[in-house]
There are 2 protein chains.
Amino acid sequence: MESQKNITIYDIAQATNLSIATISRIINKKGRYSAETESRVIKAMEELGYTPSASAQSLASNQTHTIGLVLPFWSIQQPNDDFTIQFLSGATIAANHLKYDLLLDNRSFVPSASTSQIIKRRRVDGFIFASVGNSYQHFMAELIAADFPTIYTGVQLPFDRNGNNVYGGHEIYKQDFLEICYQKGYHNTALFTSYMQAQELQMVEISRQIVEDFRLKKGLTQEQCRFIMYDYYNPKSFQYALEELLTQKNPVEAIYLDQFPTCSQAYSIIKAMGLRIPEDVAVVATSHYSRGGEEFSPKLTTTYVHSYEMGYRAVELLVNKIEKKGLEIEHDVPYSFLYRESFSPSKKTQNQ
Amino acid sequence: MESQKNITIYDIAQATNLSIATISRIINKKGRYSAETESRVIKAMEELGYTPSASAQSLASNQTHTIGLVLPFWSIQQPNDDFTIQFLSGATIAANHLKYDLLLDNRSFVPSASTSQIIKRRRVDGFIFASVGNSYQHFMAELIAADFPTIYTGVQLPFDRNGNNVYGGHEIYKQDFLEICYQKGYHNTALFTSYMQAQELQMVEISRQIVEDFRLKKGLTQEQCRFIMYDYYNPKSFQYALEELLTQKNPVEAIYLDQFPTCSQAYSIIKAMGLRIPEDVAVVATSHYSRGGEEFSPKLTTTYVHSYEMGYRAVELLVNKIEKKGLEIEHDVPYSFLYRESFSPSKKTQNQ
DNA sequence: TTGAAAGCGCTAACAG
DNA sequence: CTGTTAGCGCTTTCAA
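An account of the accompanying structure is given in this report. Because the structure is predicted, anything quoted here is derived from the model rather than measured.

Let's talk about the side chain of Asp160 of chain B
Residues and elements named next belong to chain B. Relative to the helices and strands, Asp160 is located in the loop between strand S4 (150–153) and strand S5 (165–166). No salt bridge is formed by the buried Asp160, whose closest oppositely charged neighbour, Lys321, lies at an N-O distance of 6.5 Å. A polar atom in the side chain of Asp160 sits 2.7 Å from the backbone nitrogen of Asn164. Ignoring any residue separated from it by four or fewer positions in sequence, one finds Asp160 in contact with Ile144, Tyr152 and Asn165.

Written out as structure tokens, the structure reads:
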């Protein structure tokens, strides 16, 4: 490895007979300089293969052009997390466009760290919290209170008065499913929620609440609108639950699932019982990428949560905040109800 | 937001009546200083809420304590990528332990960027390329040639003389599957490989090659050991292929799949034909997390690729390189063949 | 339009 | 064991 002297802004100042101040202006496209000077400088930079040092820039400008990204806690190995990977994709692309870097910054938020320290460390210009649950609420509250650029996913939090969130319809799409079923003439429905070891039960409770609220609102019985929690890693648990629903006096006509593997299982079970999808029972599930569901047969109807878009939007919103551009950016990323074969737009016509 | 003066190393030098040099030594646990001084300094740092500025440290020390992580190109939305998410988890944890940050650095590698510029930008101390395919080989070659700390996943590349890779058995476990079937008395086997739009066909070819090589080695016919490529998003394509294999004169006795959703489909199809797993046909698949397969019924036998471990190991190796510790770290992360119900350890005994 | 010079906050010889 | 001092490479007034 050649130990050649690192070429700096001084070298290119020298090469062009200009001062480093001018070079700096040109690098940052800031202040005034003649077009002629600019092209001369750019030429010199290319010839000498000059690239500004990121840390020198940060130190002098007090900006890092870096976004801290906090993802759900990693140490527990869990099955496919489409949300995270899609969110990450979108965030990466957006960061590229806006010329920011993404720092995976779970490290800043160790229990001992104080928010002010995190801010003062000046490692990043802002933070994005992607679906991290409650564990980070404390940090988020402080960050937001300190007016440090912060964006998080999900519904707006009580302590957040400025809408620092990007919302993908999380609590909404399950409600909508129930509503749609109700309107399309599906009379017995069930909403399944998976439970995995060591996962926050809070999510499960939210779903349970949605179902209860819906029942109340429409005056439905437990039988007409069920909430069912099952153990993800115990296929029998799901199987028994589903089989029972399918064989009772008034069998379920539509089910909602939150995991693709479970959908596959559901398909197996239903077919094994000699029932048809969607004629005998309709199936709907959550997906985080657009084609999710197409690999099923019959193709699966999904509530497609635009996780990719959410990641993109989160970065846009954050950069807007960091650079105080004051643009009006929509915080809401609506999900799509993607009708496919497993759920008929109308219950009435399906048996024709 | 209070515009209070930022507290720096000078402030804490003043508060303790020491010089900044001593403070710096204590921050970095480098050089000599008395225990008494140390505790005094630490106390002062806590009281004043001091945190060193990351960019100042980088500028002065020419180290960033940051690792650039390059993941497979994101713009194409694809289904669940367990490898990536697990790899990322492991890398995050390792980086935490070793006190490094992870920078998602697809941005450095835009077509226009030259490797030397990337290095000179000094944004990171080293790079990890996780399963990025051939698109980055050019960069990797230059980086390695320039002796810049670099680690990548997969088999060692021809231009890499130093073993800068971490290997998870990728080309091996499919071979092993065939070998195990052969030994256990499964005589007709098929290895399925999914094909997704816009994905590199190269991966598919590697699998095809494995099958051909195995046939040659054992003197098997096409019927005894098949390679089958199917369209992931066209379930019928898989279904027809599998049904045919199952109904021919000498039906397949064991199949290998590379996608979980496809496994689910296979289960459906097999059961719908009135066949049993594993008595009539055994099923094995790749998984990237340990419990993957348990959600199937009967539980799925998998070749469990330790992606999490690979991520962890990659970071360890890279840091070892960056800090020139010269530790002997194993590059190989063996996969595990996890026997579960869908594949009997012995074909002979299963019908008892 | 350009230049001079004072930092930004920290590290690392070197001297004591 | 501790202090002095010269950078690290760039940004940013303030003058010219």
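Some words on the sheet that holds strand S10 (residues 301–304) of chain B
Residue and element names in this part refer to chain B. Pairing within the open sheet is mixed, and its six strands lie in the order S7-S6-S8-S9-S10-S11. Each having just a single partner strand, strand S7 (225–231) and strand S11 (336–338) make up the two edges of the open sheet. Going from strand to strand, the sheet's axes swing by 20° on average, the running direction of each strand aside.

As for the packing of aromatic side chains
Scanning all chains against the criterion turns up 40 aromatic pairs over all chains. Each ring, one from Phe83 of chain B and one from Phe87 of chain B, has its centre 5.5 Å from the other, and the planes form 35°; the classification is tilted. Residue Phe83 of chain B and its partner Phe87 of chain B are located together in helix H5 (residues 82–97), separated by four residues, close to a single helical turn. With respect to burial, Phe83 of chain B and Phe87 of chain B carry one shared label: buried. Chaining the aromatic ring pairs together yields one cluster made of Phe177, Tyr186, Tyr256, Phe337, Tyr339 and Phe343 of chain A. Against the face of Tyr182 of chain A rests Lys218 of chain A, its NZ or CZ located 4.5 Å from the ring centre.

Digging into the nonpolar core
Ile128 and Phe343 of chain A together with Ile128 and Phe343 of chain B are the most contacted members of the largest nonpolar core, which totals 99 residues. Discounting chain neighbours no more than four positions away, the residues touching Ile128 of chain A are Ile67, Gly68, Leu69, Val70, Phe87, Ile151, Ala314, Val315 and Leu318 of chain A. Within the second largest apolar cluster, 56 residues are counted, among which are Ala241, Leu245, Leu257 and Val283 of chain A.

Scoring rules and cut-offs
- Residues numbered from 1 in each chain as written.
- Chains lettered and ligands numbered in written order.
- Predicted model: local features only at pLDDT ≥ 70, side-chain atom pairs only at ≥ 80, totals over all residues.
- Heavy atoms only, no water.
- Helix = DSSP H or I, 4+ residues; strand = E, 2+ residues; numbered from the N terminus.
- Buried < 20%, exposed > 50% of the residue type's maximum accessible area, 1.4 Å probe, protein only.
- Lys, Arg positive; Asp, Glu negative; His and termini not counted.
- Salt bridge = Lys/Arg side-chain N within 4 Å of Asp/Glu carboxyl O.
- Polar contact = N/O pair within 3.5 Å; in protein donor to acceptor, adjacent residues only side chain to side chain.
- Contact = heavy atoms within 4.5 Å.
- Pairing = 2+ DSSP bridges.
- Axes fitted to C-alpha atoms, helices over the stretch in contact; angles between N-to-C directions.
- Phe/Tyr/Trp six-rings, centres within 6.5 Å; stacked < 30°, edge-to-face > 60°.
- Lys NZ or Arg CZ within 6 Å of the ring centre and 35° of its normal.
- Core = buried A, V, L, I, M, F, W, Y, C linked by side-chain atoms within 4.5 Å.

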